[in-house]
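Per-entry structural report
In case you want the letters, here they are:
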Amino acid sequence: MENKIFPGNYLLTFIIKNFYVFCHYTSTRLIAVSIKSMKKLTILLTLFCLISLFVSPSVFAQNTKFRPSEKAQKWADKQMKKMSVDEKIGQLVHVGINAKFFNQTSPEFLELKRQVVENKVGGIIVFVGGVYETVHLMNRMQELAATPLLISSDFETGVAMRFTDTTNFPWNMAIAATGNPEFARREGIIAARESRALGVQWAFAPTVDVNNNADNPVINVRSYGENPADVSRFAVAFTQGLQSGNVLATAKHFPGHGDTAVDSHRGLPIINLPRSRLDQIELAPFKSVIDGGIGSVMISHISLPQIDATKVEPLKKSIKASYTESEVINENTTLPATLSPNVVTEMLQKDLKFDGLVVTDAMDMSGLTLYFNQDEAAVRAVLAGADVLLKPASADVAIRGLKEAVKSGRISEQRLNHSVHKILAWKHLLGLNEQKMTPLDQIDKTVSADETRLLSNEIAESAITLVKSEAGVLPLKKDQKVFLFGVTNGEDRNFVANTFQRTLRQAGINFEAVILDERSTENEMNEARKKASESDVILAGLFGRVRSGAKNSVGIPESGAKVLRELLGSDKKVINVSFGNPYLLSNFPEMKTYVVAYGDMTSLQRATARALVGEIEFKGKLPISLNEKYPRGIGLSLK
C-alpha cells in the first residue's frame with residue numbers, strides 16, 4: 001500500500017515517535033526494567049506497526065495536532081478580563097523591523113517602543129538583522145510589553161534567511177530534489193532549536209505553494225516542486241520537525257501562489273481557476289499540512305475571480321510601495337484573498353476545517369496597497385477571518401480603522417474576542433507566559449552548530465542535479481584552461497561566487513573569472529568575450545535568483561544573457577550551472593550541459609564545485625518539469 005504523505009523511512013520514524021508517546025501516556029510502568037515489560041513493549045510495537053499499514057496517514061497526523069491546551073485557554077480567559085477593547089485590538093496587529101543597533105533615544109527605537117507601549121501591538125516580525133542586535137532589541141520590547149509579544153520571522157531556509165552570519169539550509173526545491181523528506185524533518189528540528197534560541201516563536205514556513213508556472217517570479221525554488229503529493233510529503237515532514245520544537249509553523253501562501261506570473265509584492269496576481277482545479281493541485285498540500293496539525297496559515301494577496309468575483313478598482317492615490325519601485329497595476333481584478341470571506345472563512349476554515357491562527361501576508365505589499373487603504377484593509381481582513389494583521393504600512397492607521405469598526409458595530413466585540421483569545425492561547429502554548437526574555441549567553445552554544453552545517457552540506461550534496469551533459473565535458477580536469485563566466489541579478493558580483501571559486505581552486509582547477517550584472521559596461525562584456533576565446537572550457541555560473549519585488553526576479557540581466565548566447569553559439573565547451581532559477585534552460589535551449597543547484601547558498605556552491613570535478617556524484621532529480629524533453633524526475637549521473 002503506497003503512503004502518499006509519509007513515505008519510506010519517514011513513515012517508520014513517525015510511527016515509532018507516536019508509539020513512544022502512546023506508551024508514555026498509557027503506562028509509565030513500561031519503563032520499568034523487566035523482561036515482562038519488554039515483552040509487552042515488543043508486542044505493542046508490533047501491533048502498532050501492523051495497524052499503521054492499513055490506516056490512513058491523516059489518522060496519525062491527528063495525533064500530532066499542535067494546539068493550545070485547556071490550561072492555555074484558561075490563561076487566555078484570565079488575560080482577556082484585564083484588557084480593554086483598545087488593548088485587544090492591538091493584539092491583532094504585528095509590526096515589522098530590520099534590526100540593528102539602536103540607541104534608546106534614536107527615532108527607530110522610540111517608534112518601535114511607541115507601538116509596543118501605546119498601541120499595545122501583539123507581536124513583531126523581524127526581518128534582516130544581526131543576531132545579538134535583533135535578540136537584544138526584542139528583549140527590550142518584551143520588557144516594555146504589558147502582554148508578551150509573539151515574535152515571528154520568515155525561516156524558509158532556517159534562521160539564516162533573516163539572521164546574518166548564521167548557517168543557511170538550501171531552498172525547498174533543493175531539498176525536494178534529494179527525494180528524501182527526512183531531510184525536511186531534520187531541518188525543521190534544527191530550525192526550531194535555533195529559532196527558540198533567538199527568541200522567535202513563530203516561523204513563517206513552510207512554503208507549500210505548488211510551483212507549476214515556470215514564469216513565477218516570486219515562488220520558484222521556495223517551493224518543493226510542481227507535484228502536490230511531493231509538496232505535501234516534504235511540507236508535512238518540515239512542519240512536524242519544527243513544531244516538535246515548540247515553534248509555530250505556518251503554511252503559506254494560501255490558497256496557493258504557485259501558478260502566478262505576477263509577484264504579489266509588486267501587484268495583485270490573478271488565478272482564474274475553478275474550485276475543482278484548486279482542490280486538485282493548489283489546495284492539496286494545505287489540506288495535508290492541516291491534517292498534519294500545522295498551527296497557522298498565511299493568506300496571500302491573490303485574486304481568485306471564480307471564488308470571489310467582488311470587483312475592486314485601483315486607488316487614485318495608493319500608498320508608496322514598500323517592496324518595489326515598479327508596480328503592476330491591473331484595472332480589471334477582484335478582491336484579494338486576504339480580504340475575502342469566501343477564501344478565508346468558507347474555504348480555509350469551514351471546508352478545510354482549519355482552526356489555528358490565520359495571518360495575512362504583509363499588509364504593505366502592493367498586491368493590497370494598490371487597491372485598499374490600510375484602515376479599510378485591516379477591517380476587511382478581520383471580517384474575512386484573519387486573526388493577525390502582519391506588518392501594515394501604518395499600524396496607526398490600521399488600528400484606527402479597527403477601533404472605528406468595533407465602535408460602530410461593523411466588527412462585533414464577539415468577533416474581536418474570538419481572535420484575541422486564540423492569539424493569547426497560542427502565546428501560552430509557546431511558553432511566553434513563563435519566559436518572554438531570551439538569554440543572550442546561550443545563543444552561540446546553539447545557533448549554527450556543527451549539526452546545522454553538516455545537515456546543510458548533506459542536503460546540498462544530495463540535491464545537485466545534472467540535467468544535460470555533453471559527452472566528455474565533465475568532470476572538469478586540472479590541465480584545462482577554464483574561464484568562469486558569471487551573471488548575477490543582484491548587486492553582489494564581487495562576492496556572489498566566492499565559495500564556488502574557492503572550492504574549485506582547492507580541487508586544483510585554475511581559472512580566470514568575470515562576473516557581470518545589470519551595471520556592467522560594454523568594456524566588461526568585451527573582457528568576458530576575450531577570456532572566453534582563450535579558454536578550453538567555459539563555466540557559466542548563472543545567479544538568477546528569487547528577489548521579491550524585483551522587476552527582474554529569477555532572470556539574468558540582458559548584458560550577461562547577450563554574452564551567454566554568443567558563447568553558446570561558439571565552438572567552445574560550455575558548462576552551465578543555475579545557482580537559482582532552474583527554468584533557465586527554457587530561455588537557452590542551446591545549452592548542451594546544464595546543472596541545477598537551486599540556490600546560491602554556501603553549501604550548494606561547494607557541492608556543485610565538488611560534483612563538477614568528480615569528487616561527489618550528481619544525485620539530484622528535478623522536482624519540476626523544464627519541458628517535455630526534461631520532465632520532473634530526470635537527473636543524470638556521470639557513472
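Preceding this section is the structure that the text describes.
Residues numbered from 1 in each chain as written. Predicted model: local features only at pLDDT ≥ 70, side-chain atom pairs only at ≥ 80, totals over all residues. Heavy atoms only, no water.

What about the overall build of the protein chain?
Helices and strands together make up the secondary structure of the protein chain, namely 24 helices and 16 strands. Within the protein chain, residue pairs in contact and separated by at least 24 positions form 81% of the contacts whose partners lie at least 6 positions apart. Within the structure as shown, the protein chain displays about 26000 Å² of accessible surface, and the carbon and sulfur contribution to it stands at 51%. (Helix = DSSP H or I, 4+ residues; strand = E, 2+ residues; numbered from the N terminus. Contact = heavy atoms within 4.5 Å. Areas by Shrake-Rupley, 256 points an atom, 1.4 Å probe, with all protein chains shown as cover.)

A word on the pairing of strand β13 (residues 511–516)
As defined by bridge partners, strand β12 (residues 482–488) adjoins β13 across six bridges and the pair is classed as parallel. Among the inter-strand pairings, Gly486 is bridged to a residue of β13, identified as Ile515. The parallel pair β12 and β13 is bridged by helix α20 (residues 498–506), and the resulting crossover is right-handed. (Pairing = 2+ DSSP bridges. Right-handed = clockwise from strand over helix to strand, strands pointing away.)

A closer look at the pattern of salt bridges
The tally for this structure, following the rule as stated, stands at 42 salt bridges. Residues Arg114 and Glu111 are paired through a salt bridge, measuring 3.0 Å at the closest nitrogen-oxygen approach. Residue Arg114 and its partner Glu111 are located together in helix α6 (residues 107–117), separated by three residues, close to a single helical turn. On the basis of relative accessible area, Arg114 is assigned to the partly exposed category, the value being 23%. As a salt-bridge pair, Arg545 and Asp600 come within 2.9 Å of each other at their nearest N and O atoms. Separated by 55 residues along the polypeptide, Arg545 in the loop between β14 (537–543) and α22 (558–568) and Asp600 in the loop between β16 (593–596) and α24 (602–612) bring together distant segments of the chain. Classification of Asp600 as partly exposed rests on a relative accessible area of 26%. Within this structure, Asp154, Glu156, Arg162, Arg222 and Lys252 form a network of salt bridges that share partners. (Salt bridge = Lys/Arg side-chain N within 4 Å of Asp/Glu carboxyl O. Buried < 20%, exposed > 50% of the residue type's maximum accessible area, 1.4 Å probe, protein only.)

Some details on the sheet that holds strand β1 (residues 93–97)
The five strands are arranged β4-β3-β2-β1-β10 in an open sheet whose pairing can be described as parallel. Unpaired on one side and paired on the other, β4 (202–203) and β10 (389–390) mark the two borders of the sheet. Pairing between strand β2 (residues 123–126) and strand β3 (residues 150–153): three bridges, direction parallel. The partner of Gly123 across the bridge, within β3, is Leu150. Set on the sheet, helix α7 (residues 131–144) makes contact with β1, β2 and β3; between it and β2 the angle comes to about 170 degrees. (Axes fitted to C-alpha atoms, helices over the stretch in contact; angles between N-to-C directions.)

Examining the packing of aromatic side chains
All chains considered together, the criterion is met by eight aromatic pairs. Ring centres of Phe254 and Phe286 lie 5.0 Å apart, and the angle between their planes is 85 degrees; this geometry places the pair in the edge-to-face category. Of the two residues, Phe254 sits in strand β5 (residues 250–254) while Phe286 sits in helix α12 (residues 283–291), which places them 32 residues apart along the sequence. For Phe286, a relative accessible area of 0% corresponds to the buried category. One aromatic cluster is present, formed by Phe500, Phe543 and Phe579 through successive ring pairs. (Phe/Tyr/Trp six-rings, centres within 6.5 Å; stacked < 30°, edge-to-face > 60°.)

A closer look at the packing of helix α15 (residues 374–384) against helix α16 (residues 395–408)
Contact geometry for α15 and α16: axes closest at 7 Å, N-to-C directions at 55 degrees. It follows that α15 is oblique to α16 by the angle criterion. In this structure, α15 meets α16 at a crossing whose hand is right-handed. Seen from α15, the contacting residues are Gln374, Asp375, Ala378, Val379 and Val382; seen from α16, they are Val397, Ala398, Arg400, Gly401, Leu402 and Ala405. In terms of residue class, the contact of α15 with α16 is made up of seven nonpolar, two polar and two charged. (Parallel < 35°, antiparallel > 145°, perpendicular 65-115°, else oblique. Left-handed = near helix turned anticlockwise from the far one by under 90°. Nonpolar A, V, L, I, M, F, W, Y, C, P; charged D, E, K, R; others polar.)

Here we look at α22
Note on helix geometry: an α-helix contains 3.6 residues per turn, so any two residues three or four positions apart are oriented the same way. Looking only at α22, the buried set comprises Ser559, Gly560, Ala561, Val563, Leu564, Leu567 and Leu568. Those residues of α22 that are buried lie in contact with β12, β13, α21 (522–533), β14 and β15 (573–578).

Notes on helix α19 (residues 450–463)
Between its first and last C-alpha, α19 extends 20 Å over 14 residues, near the 20 Å set by a 1.5 Å rise per residue. All of the buried residues along α19 are Thr452, Leu455, Ser456, Asn457, Ile459, Ala460, Ser462 and Ala463. Those residues of α19 hidden inside the fold are in contact with α8 (172–177), α9 (181–197), β11 (465–468), β16 and α24. (Expected span 1.5 Å × (residues − 1).)

Concerning the pairing of β16
Strand residues, when the strand is regular, have side chains that alternate between the two faces of the sheet. The alternating pattern of β16 places Thr593 and Val595 and Tyr594 and Val596 on opposite faces, both of which are buried. Pairing geometry for β15 and β16, over four bridges, is parallel. Counterpart to Val577 in the pairing with β16 is Val595.

So, the packing of α6 against α7
Running from amino to carboxyl end, α6 crosses α7 at an angle of 35 degrees, the nearest separation of the two axes being 9 Å. The crossing of α6 and α7 is right-handed. Between α6 and α7, the contacting residues are Phe109, Leu112, Lys113, Val116 and Val117 on the first element and Leu137, Met138, Arg140, Met141 and Leu144 on the second. The class makeup of the residues in the contact of α6 with α7 is eight nonpolar, no polar and two charged.

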